[in-house]
Amino acid sequence: MSDKEKATPAFKLIPGTGFLVDGFRFPSPSVKAYFLSHAHSDHYTGITDNWSAGKIYCSEVTGRLVVYLLGVKPEFVHVLQLDVPTDVQGVEVTLIDANHCPGAVQFLFRLPCGKRYLHCGDMRFSPALLSNPHLCRSQGCTAVYLDTTYCNPRYTFPPQEESVEYIAATLTALLQQNEKRRLFLISTYVIGKERVLLEVHRRTGKRIYVTERKLGALKCMELPGLAVEDVFTTDPRETCIHVTQWGFLGDTWPYFRPNFVNMEAVRAEHGVDEVVGFVPTGWMYEMKRRTFPVREKGPCKIHLVPYSEHSSYKELRDYVQFLRPAQVIPTVGVDKDDNGKSAAAQLKHFRNLVMLLVMSSQKVQ
Ligand SMILES: [Zn+2]
C-alpha cells in the first residue's frame, strides 16, 4: 500500500489530541487513543482478534460487541459511561447517544484550551436528543464531524416509528389471515433494526428466529425490559418469522434488485404457500411516494420499507442549525483524492448554518 493510501483521513483525527476516531486501519505510534463510535464494520475495519495497538475507547455495549464479534482481548477495551464526562489523557470526553444502532455514541471532546469537537460517528438526529444536556454543551463547538450519509435534499424518509408500524401492522394483518401458510423474512445486519424486531414480537406475541451469532450479538445489547430468549429463538421450525442476513432478499445498492431465487428456495424448503419479505433500508428511498413499494413474483413478495438509522437531509440541517458549530466536517461520501470537491459539494448545504466551512481534505484548525 502506498503512503498516500495509508494517510489517515482528517475527518478521523481530533486536532491537538492525538486521538483517532473509527480509524483502526491507521494505527500509529503517534496515536494517543483510539475511539470506536459503534460496532458496524465500516467503522471498526482494522480491528482483529490480535489488535494490540492501543486501548479502544467505546461504550459498554460496543465494548461487549467487539469482544464477542471480533474476538478483541478485553484488556484492549476501555469502556466509558454514557453522559459522564471523563478525563482521557487530559481531554474531557463525553459519550452521547447517537440514536443509531445499539451502543452507538457521539463523542464530545473538550480540550484544555477550550476547543470542543463533536464527532457524531453514525447518527440519526431526533428532536428527543435535544434534551441531552451534553448536546447543549456542544452548541457553538469548534467543529462537528457529521454523518453525511444522506446529505442531499432528495433523501427524505418518514420517522422510524412510521416504518416500524408499517412492518408490524402488515405482518400482523397477514398472520391473522389463515387461508395461506406464510413465512415472513426480515432483512437486517448483525447489528441494527432491533426496533423493528421488538415491535413485531410485541404485536404478534411470536418469537423470532435468528442465527446463533445474531443471538449472541443481541445478548450484548441492552434491549428495553426484555430477556433476549423471550423474543428470539435459534430454532427455525419454531416460528414463521425469521431474520435473514442483509442481501438475502436482494441487493440494495445502488438500487434494489430482488432475489426471488433465494426466496423461492426458502419457500420450498419450508413447504409454505407464500414468502413475505421486508427490507428496511434508507438507501432506496429517494422517491416521493406515499405508499411503500412492494415487489412480487408468484408466491414471493418483498416490502421495501424506508427505515433509516442515519439522519435525513432535513434532520442533518436541523442538527447543524441546533449546534451552530464553527465548522462542519463531513465524514461520509468524501473522496480524499478529489481535492476537496466532494466535501465542498456537501458543505454548501450547511453554508448558512455555520460560522466557517472547512474542506475535510484540509487540515482542521
Ligand atoms: Zn453505522
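The structure under discussion appears in the preceding block.
Bear in mind that the values here come from a model prediction, so they are computed numbers and not experimental data. (Residues numbered from 1 in each chain as written. Predicted model: local features only at pLDDT ≥ 70, side-chain atom pairs only at ≥ 80, totals over all residues. Heavy atoms only, no water.)

Asks: Would you take a moment to explain the overall build of the protein chain for this structure?
Replies: Looking only at helices and strands, the protein chain has 11 helices and 20 strands in total. The globule rule puts the C-alpha radius of gyration for 365 residues at 21 Å, and the 21 Å found for the protein chain is close to it. With respect to the principal axes defined by its C-alpha atoms, the protein chain has extents near 70 × 45 × 45 Å. Here the protein chain holds 365 residues, and the buried ones make up 55% of them. (Helix = DSSP H or I, 4+ residues; strand = E, 2+ residues; numbered from the N terminus. Rg over C-alpha atoms; globule rule 2.2 N^0.38 Å. Buried < 20%, exposed > 50% of the residue type's maximum accessible area, 1.4 Å probe, protein only.)

Asks: Just checking my understanding: could you explain the coordination of the zinc ion for this structure?
Replies: Octahedral metal centres with six donors ideally show angles of 90 or 180 degrees, and tetrahedral centres with four donors ideally show 109.5 degrees. Binding of the zinc ion to the protein goes through His38 (NE2), His40 (ND1), His100 (NE2) and Asp122 (OD), at separations of 2.1 to 2.3 Å. Coordination at the zinc ion comes from four donor atoms whose angles at the metal span 90 to 163°, giving a geometry best classed as irregular. (Donors = N, O, S within 2.8 Å, 3.2 Å for Na, K, Ca; no water. Tetrahedral: all angles 85-135°; square planar, octahedral: opposite > 155°, others 65-115°.)

Asks: Sorry, what's going on with the layout of surface pockets here?
Replies: Here the idea is plain: a probe the size of a water molecule rolls over the atoms and shows the empty space left. Estimates place the volume of the largest pocket at around 1,200 Å³. Taken together, 50 residues form the lining of the largest pocket, with Asp42, His43, Asp122, His310 and Val332 sitting closest to its centre. Mapped by element, the contributors of at least two residues to the lining of the largest pocket are helix 2 (41-44) and helix 11 (341-347). Sorting elements by how many residues they give to the lining of the largest pocket places helix 2 first, with four residues. For the lining of the largest pocket, the per-class residue count stands at 19 nonpolar, 19 polar and 12 charged. Both domains that meet at the lining of the largest pocket, namely domain 1 (3-153 + 310-353) and domain 2 (160-306), each give it at least three residues. Its boundaries defined by the atoms lining it, the second largest pocket holds a volume of some 520 Å³. Looking at the second largest pocket, it is lined by 23 residues, and the ones nearest its centre are Asp97, Cys101, Pro102, Gly103 and Glu222. Those elements that provide at least two residues to the lining of the second largest pocket are helix 3 (60-70) and helix 6 (194-204). (1 Å grid on protein atoms, 1.4 Å probe; cavity = no way out; pocket = protein on both sides within 12 Å on 5 of 7 lines; lining within 4 Å. Points joined across faces, edges and corners; volume = space filled by probe spheres on them. Nonpolar A, V, L, I, M, F, W, Y, C, P; charged D, E, K, R; others polar. Domains from an automatic or database assignment.)

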